[in-house]
Amino acid sequence: MVHGPSRLLLLRASPRLLSVSCADCIKHQEPPRKQPLSEKKLKRHFVDHRRVLVRGGRGGNGVSCFHSEPRKEFGGPDGGDGGNGGHVILRVDQQVKSLSSVLSQYQGFDGEDGGRKNCFGRNGAVLYIRVPVGTLVKEGNEVLADLSRPGDKFIAAVGGAGGKGNRFFLANDNRAPTTCTPGQPGQERVLFLELKTVAHAGLVGFPNAGKSSLLRAISNARPAVASYPFTTLNPHVGIVHYEDHQQIAVADIPGIIRGAHQNRGLGLAFLRHIERCPFLLFLVDLSVPEPWTQLDDLKYELEQYDEGLSKRPYAVVANKIDLPQARARLPQLQARLGQEAIALSAATGENLEELLLRLKELHDRHVATELEHGRQPLRW
């Protein structure tokens, strides 16, 4: 009898202790972290062109009615006008990085119909479509807008005008009009949106030259890195920070191969992302025989795609200097190019300071040129 209650008390206390311990485990457990998307899934989510059907909102109808009031025989017309339809507007949002969130069809909000007692209908609300910086708006072959600055807007479709009520048609020769007009349909058009990455510098090189590794070394961007070509399937933008709070955006463009201007490899799909970069960084792989031929091939592909693109300010970066055979080819490369190439190793971080200084020189020169022409340089 003595051991019975104590044993029962122990059995009753055990679940309580177990529940407290489980609660403590849940309390101290770290919240689940969001897993980073793989490069294959990023490719699925990254969209740089889109066909969009946009329609403005329809205007509200006008109303035909007459004022009715006791002991007032001739109240006259009091039908109000309908509200205007809402516009569909493209607006640049820096938080949006691709056109994947843009739908294939948009319909603006309709205006409300007019009412009695000269009440006008409410206008339709404006429908905003968020697009990334660098979106080009086309209708057929005509370029309608270039949304290259944060906060830029473009009216994609105009809302229809509201109809007129019979009060609008009141005149001296017509004191009791019964005419009213319906609302007009909104503008309808098919637009083609094309994204061109906006960055200060563009990393241009052949596949597996180390562009993604270099971007990871100089910025906080984390593009995929592997030992096989075409690891990067969509452009990545990394921000390089300096001591004076200056920020320079560097874009990692997917690898270019010979014949890219003829749409070979990834071809034209990503060559257009280089167009907005005011200066370029040509990345040369020193581990391959005759690395100086890579620069000529890259310039040729850029020139064939867009005339004058290869003549922009640039710097030559020789990567993989940590390999023995690459260090031996460096004097030959500089002799063939006739200019000094920045020799570094993206894997070990050797001589990255020289690249950062050269990058800042190119950026400062670009800013000075833009200010001379009265243009505001791009800021991140």
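Since the structure is predicted, the reported quantities are computational estimates derived from the model, not experimental observations.

## Some points on the packing of helix α3 (residues 211-218) against helix α7 (residues 352-372)
Across the interface, α3 lies against α7 with an axial gap of 11 Å and an inter-helix angle of 85°. Here α7 runs roughly perpendicular to α3, going by the angle between their axes. Counted together, Leu214, Ala217 and Ile218 of α3 and Leu352, Leu355 and Leu356 of α7 form the full contact between these two elements. For the contact of α3 with α7, a count of residues per class yields six nonpolar, no polar and no charged.

## Some remarks on α7
For α7, built from 21 residues, the straight-helix expectation of 30 Å at 1.5 Å per residue is met to within 8% by its first-to-last C-alpha distance of 31 Å. Looking only at α7, the buried set comprises Leu352, Leu355, Leu359, Leu362, His363, His366, Val367 and Glu370. In a view along the axis of α7, the buried residues occupy a sector of 140°, so they form one face of it. Turned more than 90 degrees away from the buried face of α7 sit Glu353, Leu357, Leu371 and Glu372, all of them exposed. Positive backbone phi, at 75°, marks Gly374, one or two positions downstream of α7.

## What to know about the sheet that holds strand β4 (residues 127-131)
Spatially, three strands are ordered β4-β2-β7 in an open sheet, and the strand pairing comes out mixed. Every other strand in the sheet has two partners, leaving β4 and β7 (153-157) as the edge strands with one partner each. For this sheet the average axis-to-axis angle between neighbouring strands, irrespective of direction, equals 30°. Note: strand β2 (residues 88-92) against β7, four bridges, orientation antiparallel. Counted as the bridge partner of Arg91 is Lys153 from β7.

## Some details on helix α6 (residues 324-337)
The end-to-end C-alpha distance of α6 is 21 Å, a good match for the 20 Å that 14 residues give at a rise of 1.5 Å each. Residues of α6 that are buried: Ala326, Arg329, Leu330, Leu333 and Leu337. In the stretch just after α6, Gly338 is the one whose phi turns positive, near 75°.

## What about the packing of aromatic side chains?
Counted under the stated rule, the structure contains two aromatic pairs. Pairing Phe168 with Phe169 gives two aromatic rings, centres 5.3 Å apart and planes at 90°, and the pair type is edge-to-face. Taking 5.3 Å as the distance between ring centres and 80° as the angle between the ring planes, the aromatic pair formed by Phe282 and Tyr314 counts as edge-to-face. One end of the pair, Phe282, is in strand β12 (residues 279-285); the other, Tyr314, is in strand β13 (residues 314-319), with 32 residues separating them in the sequence. Overall, the relative accessible area of 0% leaves Phe282 in the buried class.

## What to know about the confidence of the model for the protein chain
The share of residues in the protein chain with pLDDT of 70 or more is 81%, and the mean pLDDT across the chain is 80. pLDDT under 50 marks residues 37-44. Its contacts with residues more than four places away, or in other chains, come to 13 contacts.

## Brief notes about the environment of Gly210
Looking at the element boundaries, Gly210 is found in the loop between β9 (201-205) and α3. A sequence separation of 108 residues divides Gly210 from Ala318, and the C-alpha atoms of the two residues are 9.9 Å apart. The contacts of Gly210, once residues within four sequence positions are left out, are Leu283, Asn319 and Ala346.

## Looking at the side chain of Arg276
Structurally, Arg276 is set in the loop between α4 (268-271) and β12. Looking at Arg276, its side chain comes within polar contact range of the side chain of Asp146, at 2.6 Å. Leave out the neighbours within four places in its chain, and Arg276 touches Gly134, Leu136, Asp146, Ser148, Lys196, Thr197, Val198, Ala199 and Arg312.

## Observations regarding the pairing of β2
Here β2 lies mainly inside the structure; four of its five residues are buried. Pairing of β2 with β4, which is carried by five bridges, proceeds in the parallel orientation. Each residue of the ladder has a partner; that of Leu90, found in β4, is Ile129.

## Some remarks on the sheet that holds strand β11 (residues 247-252)
Read from one edge of the open sheet, six strands run β10-β11-β9-β12-β13-β14, paired in mixed fashion. The open sheet is flanked by β10 (236-241) and β14 (342-343), the only strands paired with a single partner. Pairing of β10 with β11 involves six bridges; the strand directions are antiparallel. Directly across from Val237, in β11, lies its bridge partner Ala251. Sheet strands touched by α7: β9, β10, β11, β12, β13 and β14. Its angle to β12, the strand with the most contacts, is close to 155°.

Thresholds, definitions, all that
- Residues numbered from 1 in each chain as written.
- Predicted model: local features only at pLDDT ≥ 70, side-chain atom pairs only at ≥ 80, totals over all residues.
- Heavy atoms only, no water.
- Axes fitted to C-alpha atoms, helices over the stretch in contact; angles between N-to-C directions.
- Helix = DSSP H or I, 4+ residues; strand = E, 2+ residues; numbered from the N terminus.
- Parallel < 35°, antiparallel > 145°, perpendicular 65-115°, else oblique.
- Contact = heavy atoms within 4.5 Å.
- Nonpolar A, V, L, I, M, F, W, Y, C, P; charged D, E, K, R; others polar.
- Expected span 1.5 Å × (residues − 1).
- Buried < 20%, exposed > 50% of the residue type's maximum accessible area, 1.4 Å probe, protein only.
- Arc of directions from axis to C-beta.
- Pairing = 2+ DSSP bridges.
- Phe/Tyr/Trp six-rings, centres within 6.5 Å; stacked < 30°, edge-to-face > 60°.
- pLDDT = per-residue confidence, 0-100.
- Polar contact = N/O pair within 3.5 Å; in protein donor to acceptor, adjacent residues only side chain to side chain.

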